[in-house]
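The lines below spell out each chain.
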Amino acid sequence: DAGVIQSPRHEVTEMGQEVTLRCKPISGHNSLFWYRQTMMRGLELLIYFNNNVPIDDSGMPEDRFSAKMPNASFSTLKIQPSEPRDSAVYFCASSLVGNEAFFGQGTRLTVV
Amino acid sequence: QKEVEQDPGPLSVPEGAIVSLNCTYSNSAFQYFMWYRQYSRKGPELLMYTYSSGNKEDGRFTAQVDKSSKYISLFIRDSQPSDSATYLCAPTTGNQFYFGTGTSLTVIP
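Cut-off values and rules
For every chain, the first residue of the written sequence is number 1, and numbering continues from 1 along that sequence. For naming, the first written chain is A and the first written ligand is 1, with later ones following in the order written. Local features in this predicted model are restricted to residues of pLDDT 70 or higher, and side-chain atom pairs are both shown and tallied only at a pLDDT of 80 or more, whereas totals for entire chains, interfaces and linings draw on every residue. For the side-chain quantities, the full set of heavy atoms in the structure was used; hydrogens and water were omitted. Working definition: rings of Phe, Tyr and Trp (its six-membered ring) pair if their centres are within 6.5 Å, and the pair is stacked with planes under 30 degrees apart, edge-to-face with planes over 60 apart, and tilted otherwise. What counts as a helix is a DSSP run of H or I of at least four residues, what counts as a strand is a run of E of at least two, and both are numbered from the N terminus. Three exposure classes are used, based on accessible area relative to the maximum for each residue type with a 1.4 Å probe and protein chains only: buried under 20%, partly exposed in between, and exposed over 50%. What qualifies as a polar contact is a pair of N or O atoms within 3.5 Å, subject to a donor-acceptor requirement within protein and to the restriction that residues adjacent in sequence count only when both atoms come from side chains. Here, residues are in contact when the closest pair of their heavy atoms is within 4.5 Å. In this analysis, strands are considered paired if DSSP registers two or more bridges between them.

(A) Spatial organisation of the packing of aromatic side chains. For the coordinates displayed, the defined rule picks out 13 aromatic pairs over all chains. Look at F103 of chain A and F99 of chain B: their rings are 5.6 Å apart centre to centre, the planes differ by 80°, and that puts the pair in the edge-to-face class. Of this pair, F103 of chain A sits in strand 10 (residues 102-103) while F99 of chain B sits in the loop between strand 9 (85-92) and strand 10 (103-108), on two different chains.

Shown next, in the form of structure tokens:
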């Protein structure tokens, strides 16, 4: 398996634009997590899915953020409209419940 | 109060030193205690994990958990420049991972 695959690796966008981040989890994993990492706040859990169902989205900062998992092999995190304070590295991770989480390489988002 | 507290450092040590990294947590429901290592511009990778209280050794690394005091430690013996990275503690209930902010470590040759 190629591991967790995220795209794009880097994204630079203007304030107000819509941003969509994509994630392909490891095949067979039943949990998927979206994290945001900044120097100030570290690694923050935004949302996690179990068997494609959102279980906890309390970390989603506001209504501008939304996440979907239409099937077991794909998830998206969307920000609309984007703001400069959304600039961060966004990680997707997947796991089998009770086991370690495997992380993707991350998407470095810059909103100017 | 945050679920997990970790000193962000940065920590700088000479090669060969013993390094001690620590976290405290507040949730008694945590069952597994993981340590992740993150190199610059990479995603975190699992270094080692323990279940419940006690010690676990893996080469130069020892993970220690004291559930009575809600204290997690990672010790690195004979530290190497290749150990330079950010180390994140991650206690988990089995469903969700709660990450510390990470401690940045630099091992100087």
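(B) Seen up close, the side chain of D83 of chain B. Residues and elements named next belong to chain B. Note that D83 resides in the loop between strand 8 (71-76) and strand 9. Since its relative accessible area comes to 2%, D83 is described here as buried. In this structure the side chain of D83 is engaged in a polar contact, spanning 2.8 Å, whose partner is the side chain of R60. A polar contact of 2.8 Å, which involves the side chain of D83, links it to the backbone nitrogen of Q80. Excluding anything up to four places from it in sequence, D83 contacts R37, R60, F61, I76, L105 and V107.

(C) Structural view of the environment of Q96 of chain B. Considering the arrangement of structural elements, one finds Q96 of chain B in the loop between strand 9 and strand 10. When its relative accessible area of 9% is taken as the criterion, Q96 of chain B is described as buried. Spatially, the C-alpha atoms of Q96 of chain B and F30 of chain B are 9.5 Å apart, while their sequence positions differ by 66 residues. Sequence-distant contacts of Q96 of chain B, defined by excluding residues within four places in its chain, comprise F33, L45, Y48 and D56 of chain A together with P91 of chain B. A distance of 3.4 Å separates a polar atom in the side chain of Q96 of chain B from a polar atom in the side chain of Y98 of chain B.

(D) Structural view of the pairing of strand 4 (residues 31-38) of chain A. Residues and elements named next belong to chain A. Counted residue by residue, strand 4 has 7 buried out of 8 residues, so it is predominantly covered. Here 8 bridges tie strand 4 to strand 5 (residues 42-50), and the two strands are oriented antiparallel to one another. The partner of L32 across the bridge, within strand 5, is F49. Between strand 4 and strand 5, which pair antiparallel one after the other, the connecting turn spans 3 residues. In the sheet, strand 4 pairs with strand 9 (residues 88-95) via 7 bridges, with the strands oriented antiparallel. Its bridge partner lying in strand 9, F33 is registered against A93.

(E) Focus on the environment of M69 of chain A. Residues and elements named next belong to chain A. Here M69 is to be found in strand 7 (residues 65-71). Relative accessible area serves as the criterion here: at 11%, M69 is assigned to the buried category. Sequence spacing of M69 and N52 is 17 residues, and the spatial spacing of their C-alpha atoms is 5.5 Å. Residues within four places of M69 in sequence aside, it is in contact with P25, L32, F49, N52, F74 and S75.

(F) Representation of the pairing of strand 6 (residues 53-56) of chain A in the model. Residue and element names in this part refer to chain A. Sheet topology note: the strand 5/strand 6 ladder contains 3 bridges and is antiparallel. Looking across to strand 6, one finds that N50 is bridged to V53. Hairpin connection from strand 5 to strand 6: 2 residues lie between these consecutive antiparallel strands, with N51 at a positive phi of about 50°.

Purely spatial values, then, with no claim about function.
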